[in-house]
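Residue strings, one per chain:
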Amino acid sequence: MAKKKTTFNISKTDNYSEWYSEILNKAEVTDLRYGVKGFVVIRPWGARTIDKMYKIYESALRCTGHETAIFPAVIPEKNLKRESSHVEGFAPEVFWLDKQQGDEKLALRPTSETAFYEMYNLWIRSYRDLPMKLYQRANVFRNETKATRPLIRSREFQWIETHDAFATKKDAEAQVQDDIKMTDEVMHKIFGVPFLPMKRPEWDKFPGAVYTVGSDSIMPDGKIIQLPSTHLISPNFVKAFDVKFVDEKEREKTPWLTCYGPCMSRILSSIISIHGDDNGLILPYTLAPYQVVVIPFYSEKSEKKINDAVHDLKANLLNEYIDVKVDNSDKRPGEKFFQWEMKGVPFRIELGEKELESGEVTVFIRDIREKVSVKIDNLAEEIKNLGAEYDARLLARADKFFEGRIIDCKDKAAIKKVLNSGKIARFDFCSAEAEGESCGEFVEKELQARVMGTRADLDEKSFGKCPICGKKASVVVYAGKSY
Ligand SMILES: [Zn+2]
């Protein structure tokens, strides 16, 4: 019989694509055998991680004045068609249902502005109703024409969408900045995924938006991935649904709307890709389905004693809200170590007679693969401390990787070189408005990359010329290759 493989051992750096596919399969994050292209089954290991992500995000949303709602997954054709740029943007990706409502076609929601606004027309009457800040946890459906990749680009994905309405443009724009802050506080600081908040160039905004801010991160292969985005919705879109309110002076006005869409499944693909190593997954302590795995070692006379100790230890950790799994399976210890390491459990504890006698256990730390001794009496508190250090380490490592990937460029040759080496090029650019589009097309066609946009969180001054057309630059842009 062939010896079981005891390391995952695929180089993430040299072969990211294979690494990614293999780890999703081996760590039981997803299963691709469902048989419908672009649709994947997310297994408990992935689903529990996503569930933790949802809970953290939703608690952040409630803390910033959002309420939750549950909207239907079907949208009547007339809603989708009410605003022309929106329908044009989404039409190729819409899944239409075979079953109609009378003569009217029904779509599976690709996003829910046109569902929410239907109701905002009824719910928003006066300035007293504003701001109205609602979100829903939802699956949305897009018939992607590009190649799909599990979690990165699927035809059904798991996200949150917020739809916020304000009396003034100023309030709505403050919400856009708050959304960027939330992405930083949750996705960056807690999940350890660094990003650049990019105001998209005019030619690349959300259909129906005044402007769009996308959060761009980078994968180990140097490809840019768009994570949560926020849109300041165009007044025409809002007017198309006849959403209006009466202000303090009895004047009828159109409210300003924003929407924000953090996609849990896609963010998970970044968490997996950024933190993992050649031994498999590394999940942040905060998100790991099991934060601690306990592996008991029995000897003949000690079985009851060990079982009692394991039982107490588990109860003690659960009592402190630490997710713990006791692995009592009949696998060999080496196999158990390999499995839990590959699945990215942050801490492994071995418990046998020796540990009971000394009152101390050895804790194996997944990311640095080191061991520390911890007193059993103090275990829960120590695990929490180690967990905080663990997540801080992942964040620092991810930040260092990310910052080293943004390179200033002065000319076309330098931009090309940076893009081809899997990095993000930062350079002066003529304009992010419509007149810059031909230079944007050059980047797309000649350099096979995308102008991601300008910084939405700070005002970067440009002093030079656009390296593409030679005109005086008005903005500093970032460009990268994307999926
Ligand atoms: Zn230009």
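Here is a short report on the structure shown in this document. (Residues numbered from 1 in each chain as written. Predicted model: local features only at pLDDT ≥ 70, side-chain atom pairs only at ≥ 80, totals over all residues. Heavy atoms only, no water.)

### Re the side chain of Lys 343
Inference 1: For Lys 343, the location among the structural elements is in the loop between helix 10 (333-342) and strand 17 (347-351).
Inference 2: Under the relative-accessibility criterion, Lys 343 is labelled buried at 6%.
Inference 3: Every residue in contact with Lys 343, bar those within four places of it in the chain, is listed here: Ala 27, Glu 28, Trp 45, Leu 281 and Leu 283. (Helix = DSSP H or I, 4+ residues; strand = E, 2+ residues; numbered from the N terminus. Buried < 20%, exposed > 50% of the residue type's maximum accessible area, 1.4 Å probe, protein only. Contact = heavy atoms within 4.5 Å.)

### Observations concerning the pattern of salt bridges
A pair can form between side chains of opposite charge whenever their charged atoms are brought close.
Inference 1: Counted by the stated rule, this structure contains 34 salt bridges.
Inference 2: In this structure, the salt-bridge partner of Asp 216 is Arg 200, at a minimum N-O distance of 2.8 Å. Of the two residues, Asp 216 is situated in strand 10 (residues 209-218) and Arg 200 in the loop between strand 9 (196-199) and strand 10; the sequence distance between them amounts to 16 residues.
Inference 3: When the shortest N-O distance is used, the salt bridge between Asp 457 and Arg 455 registers 2.8 Å.
Inference 4: Assessed through its relative accessible area of 19%, Arg 455 is described here as buried.
Inference 5: A network of salt bridges, in which partner residues are shared, links Asp 51, Lys 55, Glu 58 and Arg 137. (Salt bridge = Lys/Arg side-chain N within 4 Å of Asp/Glu carboxyl O.)

### A short note on helix 10
At 3.6 residues per turn, the α-helix brings residues three or four places apart onto the same side.
Inference 1: With seven of its ten residues buried, helix 10 lies for the most part within the structure.
Inference 2: Buried residues of helix 10: Glu 335, Lys 336, Phe 338, Gln 339, Trp 340, Glu 341 and Met 342, and no others.
Inference 3: The secondary structure elements touched by the buried residues of helix 10 are helix 1 (16-26), helix 2 (44-63), strand 15 (292-296), strand 16 (324-326), strand 17 and strand 18 (360-365).
Inference 4: Taken from the residues just after helix 10, Gly 344 is the one with a positive phi, measuring 80°.

### Section: unusual backbone geometry
Inference 1: Cis geometry is adopted by the peptide bond preceding Pro 131, which originates at Leu 130 and carries an omega value of -5°.
Inference 2: Turning to its location among the elements, Pro 131 is positioned in the loop between helix 5 (113-123) and strand 7 (132-141).
Inference 3: A positive phi is found at Asn 9, a non-glycine position, where the angle reads about 55°.
Inference 4: Residue position: Asn 9 is located in the segment before helix 1.
Inference 5: Judged by relative accessible area, which is 57%, Asn 9 ranks as exposed.
Inference 6: Backbone geometry places Glu 250, a non-glycine residue, at a positive phi of 65°.

### Comments concerning the packing of helix 1 against helix 8 (residues 264-275)
Inference 1: Running from N to C, helix 1 and helix 8 point in directions that differ by 115°, and their axes come no closer than 11 Å. Relative to helix 8, the crossing made by helix 1 is right-handed. On helix 8, the residues touching Tyr 16, Trp 19, Tyr 20, Ile 23 and Leu 24 of helix 1 are Ser 269, Ile 272 and Ser 273.
Inference 2: Within the contact of helix 1 with helix 8, the residues separate by chemical class into six nonpolar, two polar and no charged. (Axes fitted to C-alpha atoms, helices over the stretch in contact; angles between N-to-C directions. Left-handed = near helix turned anticlockwise from the far one by under 90°. Nonpolar A, V, L, I, M, F, W, Y, C, P; charged D, E, K, R; others polar.)

### Some words on the packing of aromatic side chains
The way to describe two aromatic rings as a pair is by their centre distance and the angle between their planes.
Inference 1: The final tally for this structure, using the stated rule, is 22 aromatic pairs.
Inference 2: With a centroid separation of 6.4 Å and 50° between ring planes, the pair formed by Tyr 57 and Tyr 260 is classed as tilted. Note that Tyr 57 is positioned in helix 2 and Tyr 260 in strand 14 (residues 256-260), a separation of 203 residues in sequence.
Inference 3: For Tyr 57, a relative accessible area of 0% corresponds to the buried category.
Inference 4: Judged by centre distance (5.8 Å) and plane angle (55°), the ring pair of Tyr 285 and Phe 347 falls under tilted. Of this pair, Tyr 285 sits in the loop between helix 8 and strand 15 while Phe 347 sits in strand 17, and the two are 62 residues apart along the sequence.
Inference 5: Tyr 285 sits in the buried class, given a relative accessible area of 9%.
Inference 6: Using a relative accessible area of 0% as the deciding quantity, one classes Phe 347 as buried.
Inference 7: Of the aromatic side chains, those joined through ring pairs into one cluster are Phe 71, Phe 116, Tyr 117, Tyr 120, Trp 123, Phe 237 and Phe 241.
Inference 8: Just above the ring of Trp 19 sits the side chain of Lys 12; from NZ or CZ to the centre is 5.6 Å. (Phe/Tyr/Trp six-rings, centres within 6.5 Å; stacked < 30°, edge-to-face > 60°. Lys NZ or Arg CZ within 6 Å of the ring centre and 35° of its normal.)

### Remarks on the sheet that holds strand 15
Inference 1: Ordered in space as 16-15-17-18-19, the five strands form an open sheet in which the pairing is mixed. In the strand order of this sheet, the two ends are held by strand 16 and strand 19 (370-375), each with one partner. On average, adjacent strands in this sheet sit at an angle of 25° to one another, irrespective of strand direction. (Pairing = 2+ DSSP bridges.)

### Regarding the coordination of the zinc ion
Inference 1: The coordination sphere of the zinc ion contains the protein donors Cys 430 (SG), Cys 439 (SG), Cys 466 (SG) and Cys 469 (SG), at a distance range of 2.3 to 2.4 Å.
Inference 2: Geometry at the zinc ion is tetrahedral, judged from the four donor atoms that bind it and their angles of 102 to 117° at the metal.
Inference 3: In primary sequence terms, the donor set of the zinc ion follows C-x8-C-x26-C-x2-C. The exposure classification of Cys 430 matches that of Cys 439, with both residues buried. (Donors = N, O, S within 2.8 Å, 3.2 Å for Na, K, Ca; no water. Tetrahedral: all angles 85-135°; square planar, octahedral: opposite > 155°, others 65-115°.)

### Concerning the environment of Phe 195
Inference 1: Note on placement: Phe 195 falls in the loop between helix 6 (169-188) and strand 9.
Inference 2: Using a relative accessible area of 10% as the deciding quantity, one classes Phe 195 as buried.
Inference 3: A sequence separation of 22 residues divides Phe 195 from Ser 217, and the C-alpha atoms of the two residues are 4.5 Å apart.
Inference 4: Setting aside residues no more than four positions away along its own chain, Phe 195 makes contact with Ile 180, Thr 183, Asp 184, Met 187, His 188, Ser 215, Asp 216, Ser 217 and Phe 402.

### Notes on the sheet that holds strand 4 (residues 74-76)
Inference 1: Read from one edge to the other, the open sheet built from three strands follows the order 4-6-5, with strand pairing classed as antiparallel. What marks the edges here is a single partner per strand, and that holds for strand 4 and strand 5 (95-96).
Inference 2: Across two bridges, strand 5 lies against strand 6 (residues 106-108) in antiparallel orientation. From the neighbouring strand, Phe 95 faces strand 6, where its bridge partner is Leu 108.

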